[in-house]
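Per-entry structural report
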Amino acid sequence: MPSDKSTPAKKAAAKKAGAASKKASAKKAAAVKKAPAAKKVTVAPKKATARVKGTAPAKAVVHPPGDESRTALVRRARRINRELAEVYPYAHPELDFDNSFQLVVATVLSAQTTDLRVNQTTPALFAKYPTPEDLAAANPEEVEEILRPCGFFRAKTKSVIGLSKALVEDFGGEVPGWLEDLVKLPGVGRKTAFVVLGNAFGRPGITVDTHFQRLVRRWQWTGETDPDKIEAAIGALFPKSDWTDLSHHVIWHGRRICHARKPACGACPIAPLCPAFGEGETDPEKAKKLLKYEKGGFPGQRLRPPQAYLDAGGKPAPPLGAG
Ligand code: SF4
């Protein structure tokens, strides 16, 4: 049984020794986790840093508002992404498509409207024009009639016929798998190109849509406002291999919980990590009513009851897997 007669000095020394030993064990554990081979202990962190640095042009990266250090920001951002991955394990593009041609067309059509509306429209479009050749030769007025429910149907008709012609004339009727080629297609910007690259070609990309812009601003991940600069700044916080899934997690969270006008803060699983907690409804029961359930629910979603996100004092409780 340990003696309780130690002097204060001894106690302090013992505490210090204990803390040092704990710190050393934690360091050792982290090193072992990152670099299984003993001689590579010092190499692993360098490798990780280089990977993050190499993912985006440095000059476009700005420090976010507030006094959070760069290291703390990277840790918090990655923890938010890990937490969202727990909540939305099956996050995926919500546009229906069977091939890369359908995906690029559907993504162009999704501007200024919902994915649901696009999914209700594209079956008729692809039934009538299944290939780029078919759509390139289509009568614009007939395409406009089909696309009318998507809004901006004249401009969108022009884009999808134009991009189909470009696919036929410049790419042999195939959707190209490279950013520089995709952005040459009519109606295709970097956002659409990254959706196609990430989901039809498995090439990592960050999709900076309206939800993504709003959420990264709320989380103070960046102070940038230009989509291309946001893309570069956020890309520098994560390994490239995380980019596509990160985009899905953020967009799903924006659609279901962190809405533009009424974010459901009281039912938000990442409330403890969010500097904007309180921007929306914090009462768990009221917040729960703000959650948006699309397509019949949250497939595979593991949301806890809203009150579980707040402690007894009404403050955000630690998130799932926090530690
Ligand atoms: S706490 Fe509120 S503002 Fe922050 S992510 Fe959650 S819903 Fe959005």
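Residues numbered from 1 in each chain as written. Predicted model: local features only at pLDDT ≥ 70, side-chain atom pairs only at ≥ 80, totals over all residues. Heavy atoms only, no water.

On to the overall build of the protein chain, then. Scanning the protein chain from terminus to terminus reveals 14 helices and zero strands. In the protein chain, the succession of α and β elements from N to C terminus is α-α-α-α-α-α-α-α-α-α-α-α-α-α. Sequence separation of at least 24 residues holds for 62% of the intrachain contacts in the protein chain that already meet a minimum separation of 6. When the accessible area of the protein chain is evaluated, it comes to approximately 17700 Å², of which 55% is carbon and sulfur surface. (Helix = DSSP H or I, 4+ residues; strand = E, 2+ residues; numbered from the N terminus. Contact = heavy atoms within 4.5 Å. Areas by Shrake-Rupley, 256 points an atom, 1.4 Å probe, with all protein chains shown as cover.)

The next subject is the packing of helix α4 (residues 100-109) against helix α10 (residues 190-200). Between α4 and α10, the shortest axis-to-axis distance is 10 Å and the interhelical angle comes to 150°. It follows from the interaxial angle that α4 and α10 lie roughly antiparallel. Helix-helix and strand crossings are classified by hand; for α4 and α10 the assignment is right-handed. Facing α4, whose interface residues are S100, L103, V104, T107 and V108, α10 presents T192, V195, V196, N199 and A200. Per-class residue counts for the contact of α4 with α10 are six nonpolar, four polar and no charged. (Axes fitted to C-alpha atoms, helices over the stretch in contact; angles between N-to-C directions. Parallel < 35°, antiparallel > 145°, perpendicular 65-115°, else oblique. Left-handed = near helix turned anticlockwise from the far one by under 90°. Nonpolar A, V, L, I, M, F, W, Y, C, P; charged D, E, K, R; others polar.)

In this structure, F212, W219, W221, I234, L237 and F238 are the most contacted members of the largest nonpolar core, which totals 35 residues. With six residues, the single largest contributor to this core is helix α3 (residues 70-87). Grouped together as the second largest cluster of nonpolar side chains are 33 residues, V108, L147, I161 and A166 included. (Core = buried A, V, L, I, M, F, W, Y, C linked by side-chain atoms within 4.5 Å. Buried < 20%, exposed > 50% of the residue type's maximum accessible area, 1.4 Å probe, protein only.)

As a further point, take the confidence of the model for the protein chain. Close inspection of predicted coordinates is inappropriate in any region flagged by low pLDDT. When pLDDT is averaged along the protein chain, the result is 78; 70% of the residues meet or exceed 70. Predicted confidence in the protein chain is weakest over helix α2 (residues 43-53), with a mean pLDDT of 31, and strongest over helix α6 (residues 132-136), with 98. Scored below 50 in pLDDT, residues 16-64 makes 38 contacts in the model with residues more than four places away or belonging to other chains. Contacts for the low-pLDDT stretch residues 294-308, under 50 throughout, to residues beyond four places or in other chains number 37 contacts. (pLDDT = per-residue confidence, 0-100.)

Within the secondary structure, D209 sits in the loop between α10 and α11 (210-218). In this structure, D209 is buried with no salt-bridge partner, the nearest side chain bearing the opposite charge being R255 at 4.8 Å. Those residues in contact with D209 that sit more than four places away from it in its chain are K191 and I251. (Lys, Arg positive; Asp, Glu negative; His and termini not counted. Salt bridge = Lys/Arg side-chain N within 4 Å of Asp/Glu carboxyl O.)

Another aspect to go through is the environment of H259. Examined against the element boundaries, H259 turns out to sit in the loop between α13 (243-256) and α14 (284-290). What makes H259 buried here is its relative accessible area of 7%. Between the C-alpha atoms of H259 and R214, which are 45 residues apart in sequence, the distance is 8.9 Å. Filtering out sequence-adjacent residues up to four positions away, H259 remains in contact with R214, R218, G254, L290, L291 and K292.

UniProt marks C258, C265, C268 and C274 with the feature "binding site: [4Fe-4S] cluster" (unreviewed entry), using the numbering shown here. Taking the farthest pair of C-alpha atoms as the criterion, the annotated set spanning 17 residues converges on one region, since that pair is 10.9 Å apart. Leave out the neighbours within four places in its chain, and C258 touches R214, L215, R218, H253 and P263. Residue position: C268 is located in the loop between α13 and α14. (UniProt positions renumbered as here; feature names shortened; annotations may be inferred.)

A separate point is the pattern of salt bridges. With the rule as written, the count across this model stands at 11 salt bridges. In this structure, E144 and R154 form a salt bridge, with 4.0 Å as the shortest nitrogen-oxygen distance. One end of the pair, E144, is in helix α7 (residues 140-147); the other, R154, is in helix α8 (residues 153-171), and 10 residues separate them in sequence. Across the salt bridge formed by E279 and R218, the nearest N and O atoms sit 3.1 Å from each other. You can see E279 sitting in the loop between α13 and α14 and its partner R218 sitting in helix α11, a full 61 residues away along the chain. Residue E279 is classed as partly exposed on the basis of its relative accessible area, which comes to 48%. A residue is classified by how much of its surface remains accessible, and R218, at 10% relative accessible area, is buried.

With that settled, consider the site of the ligand. The full set close to the ligand counts 13 residues, and W219, C258, C265, C268 and C274 are the nearest of them. Looking at the shell around the ligand, its residues break down into 11 nonpolar, one polar and one charged. (Near = heavy atom within 4 Å.)

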